[in-house]
Amino acid sequence: MRCRSSSYSHLPHQSKLFIDYLEHFRRVASFYSCPPKLAGAARIARSLKFPPERRKAVAAILREQNAAFGMGSPAEKNLERFEKGAVAVVTGQQVGLFSGPAYSLYKALTAVTVAGELSRAGIAAVPVFWLATEDHDLDEVRSAHWYARGQVMPLGLEAGAGGGRPVGRIALGPEVAELVRRAGSALEGPGALSIASDLEACYRPTDTYGSAFAKLFARLFEQDGLILLDPLDERLHRIAAPLYRRAVEDSGVLREKLVARKRELDRGGYPAQVRVTSRSTLLFSLEAGLREAITEFGGKFQAGDKSYSRPELTQLAEEAPEKFSASALLRPALQDFLLPSAAYIGGPAEIAYYAQAAVVHEHLVGRMPAVLPRADFTLVDSKAAKLLEQYALAPEDLWTGRQEVRSRMELRFVPATLARDFGRSAKELERALERLRGPIRKLDSTLEGALDRARRAATFHLAKLQRKAGRSRELRENVLAAHEEYLHGLLYPKKQMQSRVLCALPFLARWGTDLLRELKRFSGSRSLAAHHIIRVE
């Protein structure tokens, strides 16, 4: 396994805030508790005070949840450490089908590795994965993309009647059995049987998107002691009742602070992730099985067809907190109310969320964790490596767009002898035209510009002829398109980074589950400021 790093500033679709957060932290320091370094997490961990009774209550719930998910002895030991005072290194993600995009696993790997670094530094720390089971966007979790046999293979379940319900309460249904069979049959490599067996055991018709995801992660990270947390548990809502109550009582103040924070972000040229309006609150209602936004107008709160005064909604938060769900801007504060978080591991969008949500943290919790970027990888197999070499390309070239890549491939896609002839001809043409420069300048210096134009035109037309020769060979052998599709499908699927689209399970099948252990080497805090391109043999 060979690894090289690429700056995030060279990757497509990266926000200005994320790049400044990594490379010019002073510009965004006012939005975060500390720079994205392990030292910041250690400092926060040493000063963190967390109510013992709350820790004990949360630990008991987590022990029961993780037992149901099938935790191994390392997770049991970490729960004991948690109960005795360990801090948490937290990450989380939507509970996507078959583990969702690869970055879900990369987040967990990073949390495991950073928790280990803190522990070795003398600070007891455990990794915790927050399952986003309360999200109600079913379309974002009901599909996965397999990379199998050189192609991107979409897999998905029907939406059914799940719209508006938390995905952690939606059963997968009988059609998942056939989908598991299809997914398993497409796996190749030494880990194929193991991964297929895990899918069969975890993704059953009676399981929900949340429980299946959790069972799979419990297996994949059994050796790492990853603790899983399902926030849909009503007991966690009851513990969080004071937070929900304050979110209702202080809704106006919180809204003002968020509007002020948006102005600060705007001044820095950073767009806010969440639009906050004069009616926005930080809460959703979970009444009648649906997740609906709670809005505020004219002193009244509205959730679906129900209306509440502030005292009524405050009382509901005290008496039935299970009927509330946190918005994207409240979830980080809820997470740190329930957990002694020293660090949060997030992707670029989440890191931008934290810049906006920090004012909510400060008001409701009084502290913020260190925010660290997740590890991110582009995995290159041996075939892709050979194709990249054949066409003199790098993975970064795939990110520039198909037209440029195709043009470069066509230039290289000619017989070797003809390619040498083209190269020789280009040099001879350059020399011949350059020999004319002296006599032309002596005859009439104004003609020198015409000579340069003629040289550029001749070079352009020669390169064009070379590309046409490449296309001609393609018509005969019909392989260039296949090579292009292979490279784009693996390295830049759907015009996005590999980790944002492709599921990691086919990679674990192909190279064995030890791949996770290998990737841990590049998931430590010192490796997080760059994207890693890894050649896997």
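Our structure's up above, just so we're on the same page.
Presented here is an overview of the structure given in this document. (Residues numbered from 1 in each chain as written. Predicted model: local features only at pLDDT ≥ 70, side-chain atom pairs only at ≥ 80, totals over all residues. Heavy atoms only, no water.)

**Examining the pattern of salt bridges**
Defined as follows: Note on definitions: salt bridges are taken to be side-chain nitrogens of Lys or Arg within 4 Å of carboxyl oxygens of Asp or Glu. Elements are defined by DSSP. Helices are runs of H or I of four residues or more, strands are runs of E of two residues or more, and each kind is numbered from the N terminus. In this scheme, a residue with accessible area under 20% of its type's maximum is buried, one over 50% is exposed, and one in between is partly exposed, where area comes from a 1.4 Å probe on protein chains only.
Applying the stated criterion across every chain, the model contains 36 salt bridges. The partner of Glu178 in a salt bridge is Arg181, and the shortest N-O contact between them spans 2.7 Å. Note that Glu178 and Arg181 are positioned in helix α6 (residues 175-185) at a spacing of three residues, about one turn of the helix. Residue classification places Glu178 among the partly exposed residues on the basis of a relative accessible area of 39%. The salt bridge involving Arg261 is made with Glu264; its shortest N-O contact spans 3.4 Å.

**Concerning the environment of Val536**
To be explicit about the condition: Throughout, a residue-residue contact means that at least one pair of heavy atoms, one from each residue, lies within 4.5 Å.
Relative to the assigned elements, Val536 resides in the segment after β15 (530-535). Along the sequence, Val536 and Arg2 sit 534 residues apart, while their C-alpha atoms lie 6.9 Å from each other. Sequence-distant contacts of Val536, that is, excluding residues within four places in its chain, are made with Met1, Leu379, Val380, Asp381, Ser382 and Trp511.

**Some details on helix α14 (residues 348-364)**
Here is the rule: Here the expected length of a helix is defined as 1.5 Å per residue gap, with one fewer gap than residues. What is called the bend at a residue is the angle between a pair of axes, fitted to the seven residues leading up to and ending at it and to the seven starting from it.
For α14, with 17 residues, the first-to-last C-alpha span of 24 Å sits near the 24 Å given by 1.5 Å per residue. Its axis deflected by about 50 degrees at Ala357, α14 carries its strongest bend there. Among the 17 residues in α14, 13 count as buried, and that is most of the element. One or two steps after α14, the chain reaches Gly366, where phi turns positive at roughly 85 degrees.

**Description of the packing of aromatic side chains**
The line we're drawing: A pair of aromatic rings is counted whenever rings of Phe, Tyr or Trp (Trp by its six-membered ring) have centres within 6.5 Å, and the orientation is called stacked for planes under 30 degrees apart, edge-to-face for over 60 and tilted otherwise. Note on criteria: charge over ring means Lys NZ or Arg CZ within 6 Å of the ring centre, with the direction from the centre no more than 35 degrees off the ring normal.
The final tally for this structure, using the stated rule, is 17 aromatic pairs. Plain terms: the ring middles of Phe31 and Tyr270 are 6.3 Å apart, the flat faces sit at 90 degrees to each other, and that makes the pair edge-to-face. Here Phe31, found in the loop between α1 (16-23) and α2 (38-47), pairs with Tyr270, found in the loop between α11 (251-267) and β7 (280-285); they are 239 residues apart in sequence, far enough to count as distant. Here Phe31 matches Tyr270 in class, with each residue buried. Ring centres of Phe129 and Phe213 lie 5.9 Å apart, and the angle between their planes is 35 degrees; this geometry places the pair in the tilted category. Highlighted residues: Phe129 in strand β3 (residues 125-131) and Phe213 in helix α8 (residues 209-220), separated in sequence by 84 residues. We note that Phe129, like Phe213, is buried. An aromatic cluster is present here, built from Tyr8, Phe18, Tyr21, Phe25 and Tyr32 joined pairwise through their rings. Between Arg55 and the ring centre of Phe82, over which it is positioned, the NZ or CZ distance is 5.5 Å.

**Thoughts on the nonpolar core**
Condition: The definition of a nonpolar core used throughout is a set of buried Ala, Val, Leu, Ile, Met, Phe, Trp, Tyr and Cys residues joined through side-chain atoms within 4.5 Å.
One finds Tyr32, Phe98, Trp146 and Tyr203 to be the most contacted residues of the largest nonpolar core, which totals 175 residues. No other element matches helix α5 (residues 103-120), which puts 10 residues into this core. Tyr203 has contacts with Gly96, Leu97, Phe98, Ser99, Leu172, Val176, Val180, Ala212, Phe213 and Leu216, leaving out every residue within four places of it along the chain.

**Focus on the sheet that holds strand β6 (residues 227-229)**
Under the convention used in this document: When DSSP finds two or more bridges between a pair of strands, those strands are recorded as paired. Between N-to-C directions, angles cover 0 to 180 degrees, with each direction set by a line fitted to C-alpha atoms, over the stretch in contact for helices.
One open sheet holds the five strands; their spatial order is β6-β3-β2-β12-β13, and the pairing between them is parallel. The open sheet has two edge strands with one neighbour each: β6 and β13 (370-373). The mean angle between the axes of side-by-side strands here comes to 30 degrees, regardless of whether they run parallel or antiparallel. Note: strand β12 (residues 341-346) against β13, four bridges, orientation parallel. Directly across from Tyr344, in β13, lies its bridge partner Val371. The strands that α2 touches are β2 (87-93), β12 and β13; relative to β12, the one it contacts most, it runs at about 145 degrees. Contacting β2, β3, β12 and β13, α5 crosses the sheet at an angle of about 175 degrees to β2.

**Here's the deal with helix α3 (residues 52-69)**
The end-to-end C-alpha separation of α3 is 25 Å, in line with the 26 Å expected for 18 residues at 1.5 Å each. Turning to α3, its buried residues number three or more, namely Arg55, Val58, Ala59, Ile61, Leu62, Gln65, Asn66 and Phe69. Looking at the residues trailing α3, positive phi occurs at Gly70, about 95 degrees.

**Concerning unusual backbone geometry**
Positive phi, normally seen in glycine, also occurs at His13, with a value near 65 degrees. Residue position: His13 is located in the loop between β1 (2-7) and α1. Phi angles above zero are rare outside glycine, and Ala392 is one such case at about 55 degrees. Turning to its location among the elements, Ala392 is positioned in the loop between α15 (382-390) and α16 (395-398). Looking at Ala392, the relative accessible area reads 36%, which means it is partly exposed.

**Comments concerning the environment of Arg4**
For clarity, the cut-off: Any pair of nitrogen or oxygen atoms within 3.5 Å is treated as a polar contact; in protein, a donor-acceptor pairing is required on top of that, and neighbouring residues in sequence qualify only through side-chain atoms on both sides.
Residue position: Arg4 is located in strand β1. When neighbours within four sequence positions are excluded, Arg4 is seen to be in contact with Ala394, Pro395, Glu396, His531, His532 and Ile533. In this structure the side chain of Arg4 is engaged in a polar contact, spanning 2.8 Å, whose partner is the side chain of Glu396.

**Re the environment of Leu48**
Inspection of the secondary structure puts Leu48 in the loop between α2 and α3. In this structure Leu48 comes out as buried when scored by relative accessible area, which is 16%. Once the C-alpha coordinates of Leu48 and Pro369 are considered, the two residues, 321 residues apart in sequence, prove to be 9.5 Å apart.

**Remarks on the side chain of Asp376**
Residue position: Asp376 is located in the loop between β13 and β14 (377-380). A polar contact is formed between the side chain of Asp376 and the side chain of Arg374, at a distance of 2.9 Å. At 3.0 Å, the side chain of Asp376 forms a polar contact with the side chain of His531. Every residue in contact with Asp376, bar those within four places of it in the chain, is listed here: Tyr8, Tyr106, Ser499, His531 and His532.

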